[in-house]
Structures are given as C-alpha cells and as structure tokens.
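Here is what each chain is made of, one letter per residue.
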Amino acid sequence: MILIADCGSTKIDWCLLDDGKVVKQTFTTGINAVMLTEEEIRARLADELMPELAGFTPEAVYFYGAGCISPEVCGNVERAIRANIPSAATVEVHTDLLAAARALCGRRPGIACIMGTGSNSCYYDGSEIRDNVSPLGYILGDEGSGAVLGKLLLGDVLKNQLSPALSEKFLKQYDLDRLTIIRRVYKEPQANRFMASLTPFLLENIDQPQIHRLVLNSFRSFFIRNIAQYPGYRDLDINFIGSIAYYFREVLAEAAAQCDCHIGTIIKSPMQGLIKFHTA
C-alpha cells in the first residue's frame with residue numbers, strides 16, 4: 001500500500017493505493033514546507049491526515065511539495081511523515097517540479113513545465129531533473145504564469161494600454177480602482193495570488209486583440225527566456241502542467257510554434273500521472 005501526496009500551498013491531494021488501485025483519496029490544507037517547522041508540519045498531518053487514514057497502513061509515502069527545495073526542508077517533511085506513519089518503510093520527499101516531470105514524462109526524457117500561479121521548467125532525463133532554469137518568482141521571472149499575466153493586465157489597465165471600454169469592464173467586474181489595486185499589490189500579503197486571480201478575465205476576453213497579444217507575448221517570453229536554454233529543446237516534447245497552460249493551451253501552442261518549440265502533453269494536475277509512474 002502506497003500513499004502519494006501532491007502538495008501545494010493551498011491544498012494537498014492525497015491518494016492511497018493498494019495493489020495499484022485507488023482505495024482512498026482525500027484533501028487537506030496545503031503546506032509550504034519552507035514556511036513551517038517540522039513540529040508544525042507534524043501537527044498539521046496529525047490533525048488533518050491521520051483521521052482520514054484510520055485503518056490503513058501505508059508501506060511507502062511519496063510526497064511532492066511546494067517549498068521542498070533543500071535537504072533540510074525535505075528532512076523536516078520526511079520526519080514529520082514518519083512520526084505520523086510509522087508503518088512506512090519508505091518515505092521520499094521531492095519538489096513539485098519533479099512531480100510535474102514524472103507525471104508528464106513518466107520514464108521518458110523531456111522538458112517538463114509548471115504554468116499555474118507561478119511558472120517553472122526543467123530538463124528531465126526519465127528519472128531525475130538534470131537541468132533547471134531558475135523561475136525567479138513573479139518579480140524577476142515566472143514568465144507566462146498567472147501572477148505575471150495578472151501583473152501585466154493591471155499595468156495595461158492603469159497605464160491606459162487597453163481600450164476604455166475594456167478597462168472599465170475589468171474594473172467593474174472585479175470591483176477595483178487605482179488605489180485599491182496599489183494597496184493589494186504593494187501593501188497586502190500574497191500579491192501573487194491576487195494577480196493570478198484576475199486571469200479569468202483574460203480567458204473570457206482572449207478574442208480581444210489587446211488581451212490576446214498580452215498573453216501571447218508572455219508565453220513567448222517563457223519559451224525564449226527559459227525553454228531555449230535547454231540543449232536540444234527543439235527536438236524534445238515540451239510538456240505542461242497547471243491551470244494556466246491547460247486553459248490557455250491554444251495561445252500557448254501559438255507561442256510555441258513561433259518559438260520553434262513542440263508542445264507535448266498538457267494536463268491540469270499531476271496525480272493521475274504520478275499514480276501511473278509509481279505503479280508501472
């Protein structure tokens with residue numbers, strides 16, 4: 001019996017498998033492992049996960065998580081899991097980027113990308129990540145991400161780059177004005193989530209040339225500034241996971257073609273791919 005976790009900052013998707021079949025799937029509050037101590041993670045799992053696992057004894061746990069970026073952080077998560085699930089002889093903790101790579105590529109080499117609230121990419125050799133262009137976050141990088149698309153949209157609205165009618169429609173739809181936008185971006189926490197929350201407006205109005213151009217150019221920047229740095233990228237499938245890639249896949253394919261890149265698989269979330277990877 002194995003337990004797989006796809007952990008984001010908002011929620012954790014847990015899937016318990018017995019002989020390759022799903023016997024339990026549950027969700028708990030998300031964890032960013034960089035922000036929590038080992039004791040806090042242990043308590044969170046005890047309160048939220050363990051009641052859901054009553055009567056089950058996983059022998060292996062594969063945890064893929066946001067913030068699992070160093071041996072120290074991964075060690076904290078591993079010890080917290082072992083304290084709660086002593087039956088697990090195997091506990092592995094990996095980054096969410098490796099989850100994307102394994103879900104998208106399985107055991108084949110390829111380029112795997114995350115494009116949701118943030119963006120990231122890597123060259124994957126069929127087992128491990130071998131190269132990664134640092135995403136740098138929404139201030140310095142994260143091209144094509146929901147946060148950056150929202151940032152570009154707000155900039156275009158406030159600098160009068162959209163038609164008056166489209167800008168008015170946006171401000172009314174989200175009940176925003178200039179001062180509120182400035183406060184939400186510069187003075188309140190989680191500005192990246194606020195900006196990413198505006199992307200449905202882009203999708204609803206993607207047929208507008210101004211909006212289409214904004215999204216297309218940001219996706220082109222993702223390919224130019226990230227993917228083009230991987231040797232042989234023109235000969236590899238470039239695969240995506242995440243809500244932005246999934247819902248904007250037509251514009252993403254357009255940007256890829258302009259950058260001489262070939263899109264492979266696009267999926268919204270990694271769990272089904274991780275199940276296949278760990279049970280094949």
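This text goes with the structure placed above it.
Residues numbered from 1 in each chain as written. Predicted model: local features only at pLDDT ≥ 70, side-chain atom pairs only at ≥ 80, totals over all residues. Heavy atoms only, no water.

J.: Can you explain the pattern of salt bridges? Please cite residues and give values.
T.: Counted by the stated rule, this structure contains 10 salt bridges. As a salt-bridge pair, Arg-82 and Glu-78 come within 3.0 Å of each other at their nearest N and O atoms. Taken together, the positions of Arg-82 and Glu-78, both in helix 2 (residues 71-84) and 4 residues apart, correspond to about one turn of that helix. Classification of Glu-78 by relative accessible area gives partly exposed; the value is 27%. Through salt bridges with shared partners, one network takes in Glu-38, Arg-42 and Arg-79. (Salt bridge = Lys/Arg side-chain N within 4 Å of Asp/Glu carboxyl O. Helix = DSSP H or I, 4+ residues; strand = E, 2+ residues; numbered from the N terminus. Buried < 20%, exposed > 50% of the residue type's maximum accessible area, 1.4 Å probe, protein only.)

J.: So what about the packing of aromatic side chains? Which residues, and what values?
T.: For the structure shown, the criterion picks out 9 aromatic pairs. Their ring planes at 75 degrees and their centres at 6.4 Å tell us that Phe-219 and Phe-248 sit as a pair that is edge-to-face. A residue pair is termed long-range when its members are at least 10 positions apart, and Phe-219 in helix 10 (residues 209-225) and Phe-248 in the loop between helix 11 (243-247) and helix 12 (249-258) qualify at 29 residues. Each member of the pair, Phe-219 as well as Phe-248, carries the same accessibility label: buried. With 6.0 Å between their ring centres and 75 degrees between their planes, Phe-223 and Phe-240 make a pair best called edge-to-face. Here Phe-240 lies in strand 9 (residues 237-241) and Phe-223 lies in helix 10, a separation of 17 residues in the sequence. Take Phe-223 and Phe-240: they sit in the same class, and that class is buried. Pairwise contacts between aromatic rings join Phe-170, Tyr-174 and Phe-201 into one cluster. The lysine or arginine in question, Arg-107, covers the ring of Phe-277, its NZ or CZ lying 4.0 Å from the ring centre. Just above the ring of Tyr-246 sits the side chain of Arg-249; from NZ or CZ to the centre is 4.6 Å. (Phe/Tyr/Trp six-rings, centres within 6.5 Å; stacked < 30°, edge-to-face > 60°. Lys NZ or Arg CZ within 6 Å of the ring centre and 35° of its normal.)

J.: Break down the packing of helix 5 (residues 146-158) against helix 10 for me, citing the residues and quoting the values.
T.: For the pair helix 5 and helix 10, interaxial distance at closest approach is 10 Å and the crossing angle is 140 degrees. Between helix 5 and helix 10, the angle falls in the class oblique. Of the two elements, helix 5 crosses helix 10, and the hand of that crossing is right-handed. Counting all contacts with helix 5, which are made through Val-148, Leu-149, Leu-152, Leu-153 and Asp-156, the residues of helix 10 involved are Ile-211, Leu-214, Val-215, Ser-218 and Phe-219. (Axes fitted to C-alpha atoms, helices over the stretch in contact; angles between N-to-C directions. Parallel < 35°, antiparallel > 145°, perpendicular 65-115°, else oblique. Left-handed = near helix turned anticlockwise from the far one by under 90°. Contact = heavy atoms within 4.5 Å.)

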